[in-house]
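Remarks on the overall topology
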Amino acid sequence: MELINSMKLVLSDILKGKKRVALGGHVRPDGDCVGACMGLYLYLKDRYPDIHTDVYLEEVPEAYRMIQGTDEVKTQITDGDVYDLFICLDCGDAQRLGFSGPLFEHAKETLCIDHHISNDAFADHNYIVPDASSTSELVYTVLDKEKISLPSAEALYMGIVHDTGVFQYSCTSPETMEIAADLMRKGINGNEIIDKTYYEKTYIQNQILGRALLESMLVMDKKCIVSVIRQRSMEFFQAKPSDLEGIVSQLRQTKGVEVAIFLHELSPQKFKVSLRSKGKVDVSDIAKFYGGGGHVRAAGVTMEGSSHDVINNITARIALQLKHEGEQVEEQ
């Protein structure tokens, strides 16, 4: 397994001799995952027409379907299908690929482009930059800037917008802003992309957000906010998992809170846990402890047990970090 940086990752070299290439992103694709996959997919289709390229993702959320090519996304695989190269995008580990995992396993060569700090470089070639704002930003750095089409630029811009919280999160660097500016110079309508894919919500999304906020709880001396959405609520509102995106970030905005914890019940005694931190707590460390991953301020994990067990286990790890930080402050 090779760990490479952008100066050494020459996409044309990796694509040399390849006839069939597949792209894949993580389960329950978010804005950055879709943006990175579609941005690279559209670039390859345009610049390398002789290479047969496919992109595999779970159902693309409706809000992201304004991006060109999303109607070409494959949501299932064909047995026995083998690619010369599988490019894994925005995945901290191979298991996060979900249904497209077998294509990664059987590909003749693999490449991973990712910005998760928990990524352990599981592909043949790995371009991993934890400090990057998004995988979409990393994709941009390996493309020929002059050859990026308008549709590809729209996809990459969307990805950067989503993983930076419209450029407000701490992961937003000067380089991030410069890349966003370059993409805007391609002629994209940045305001429309932000409004339609980030801010605009369906009535169902607003209802389920309202339920999550109404039933949230402050714990750990009001340092954490917790909310749980159960299957019965999903059924009542006729909501899909993609309708839950953004809830944990909204919880995180609560004044005085250090960490937001959002549980989505996948099945009885099984929860998808989303974690967001304002900075004092490294939630990627907590997620990784329980088999998940992510970033210092945004991470996730799937856990089993009652909601109370899950919350108690997560908050116990948060308490350890806060205690350690308090001890360091006292020493100073």
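Preceding this paragraph is the structure being described.
Predicted model, so just to flag it, every value in this text is computed and none were measured.

**Quick look at the sheet that holds strand β7 (residues 217-219)**
Within the open sheet, the 6 strands sit side by side as β7-β8-β9-β10-β12-β11. Their pairing is mixed. Pairing within the sheet leaves two strands with one partner each, and these edge strands are β7 and β11 (293-294). Bridge analysis of β7 against strand β8 (residues 224-229) gives 3 bridges, and the strand direction is antiparallel. Each bridged residue has a counterpart across the sheet, and for leucine 218 the counterpart in β8 is isoleucine 225.

**Things to note about the packing of helix α5 (residues 150-163) against helix α6 (residues 174-184)**
Axis separation between α5 and α6 bottoms out at 9 Å; the angle between their running directions is 150°. The pairing of α5 with α6 is recorded here as roughly antiparallel in orientation. In the packing of α5 onto α6, the handedness of the crossing is left-handed. On the side of α5, the interface is formed by Ala153, Leu156, Tyr157 and Ile160, while α6 contributes Thr176, Ile179, Ala180, Leu183 and Met184. Counted by class, the contact of α5 with α6 contains 8 nonpolar, 1 polar and no charged residues.

**Notes on the nonpolar core**
Membership of the largest hydrophobic core comes to 53 residues, with the highest contact counts inside it found for Leu23, Leu40, Ile87, Leu143, Tyr157 and Leu183. Per-element accounting of this core gives the leading share, 10 residues, to helix α2 (residues 31-47). Not counting chain neighbours up to four residues away, the residues in contact with tyrosine 157 comprise Phe167, Ala180, Leu183, Met184, Ile188, Gly190, Ile193 and Ile194. Counting 21 residues, the second-largest nonpolar core is a separate cluster that includes Cys224, Val259, Ile261 and Ala299.

**Points about the packing of aromatic side chains**
Evaluation of the coordinates by the stated rule reveals 8 aromatic pairs. Ring geometry for phenylalanine 289 and tyrosine 290: centres 4.9 Å apart, planes at 85°, overall edge-to-face. Accessibility expressed as a relative area gives 49% for phenylalanine 289, which makes it partly exposed. You can call tyrosine 290 partly exposed: its relative accessible area is 24%. Ring-pair connections join several aromatic residues into one group, and the members of that group are Tyr56, Tyr83 and Phe99. We note arginine 20 situated over the ring of tyrosine 83; from NZ or CZ to the ring centre the distance is 4.4 Å. When the ring centre of phenylalanine 289 is taken as reference, the NZ or CZ atom of arginine 317 above it lies at 3.7 Å.

**Examining the state of the cysteines**
Following the criterion strictly, the structure yields 0 disulfides and no others. The thiol of cysteine 33 is unpaired, and the distance to the nearest cysteine sulfur, on cysteine 37, comes to 4.4 Å. In this structure cysteine 33 comes out as buried when scored by relative accessible area, which is 0%. Sulfur of cysteine 88: no disulfide; nearest cysteine sulfur belongs to cysteine 91 and is 3.8 Å away. On the basis of relative accessible area, cysteine 88 is assigned to the buried category, the value being 0%.

**A few points about the side chain of threonine 197**
As for its placement among the helices and strands, threonine 197 is situated in helix α7 (residues 190-199). The class of threonine 197 is buried, set by a relative accessible area of 5%. Side chain to side chain, threonine 197 and histidine 162 meet in a polar contact 3.0 Å long. Polar side-chain contacts of threonine 197 include one of 2.6 Å to the backbone oxygen of isoleucine 193.

**Regarding helix α8 (residues 203-214)**
End to end, α8 covers 16 Å across 12 residues, agreeing with the expected 16 Å (1.5 Å per residue, within 8%). Where α8 is concerned, the buried positions are Gln205, Ile208 and Ala212. Here the buried residues of α8 occupy an arc of 70° about the axis, which is enough to place them on one side. Along α8, the residues that are exposed and aim more than 90 degrees away from the buried face are Tyr203 and Leu214.

Cut-offs applied
- Residues numbered from 1 in each chain as written.
- Predicted model: local features only at pLDDT ≥ 70, side-chain atom pairs only at ≥ 80, totals over all residues.
- Heavy atoms only, no water.
- Pairing = 2+ DSSP bridges.
- Helix = DSSP H or I, 4+ residues; strand = E, 2+ residues; numbered from the N terminus.
- Axes fitted to C-alpha atoms, helices over the stretch in contact; angles between N-to-C directions.
- Parallel < 35°, antiparallel > 145°, perpendicular 65-115°, else oblique.
- Left-handed = near helix turned anticlockwise from the far one by under 90°.
- Contact = heavy atoms within 4.5 Å.
- Nonpolar A, V, L, I, M, F, W, Y, C, P; charged D, E, K, R; others polar.
- Core = buried A, V, L, I, M, F, W, Y, C linked by side-chain atoms within 4.5 Å.
- Buried < 20%, exposed > 50% of the residue type's maximum accessible area, 1.4 Å probe, protein only.
- Phe/Tyr/Trp six-rings, centres within 6.5 Å; stacked < 30°, edge-to-face > 60°.
- Lys NZ or Arg CZ within 6 Å of the ring centre and 35° of its normal.
- Disulfide = S-S within 2.5 Å.
- Polar contact = N/O pair within 3.5 Å; in protein donor to acceptor, adjacent residues only side chain to side chain.
- Expected span 1.5 Å × (residues − 1).
- Arc of directions from axis to C-beta.

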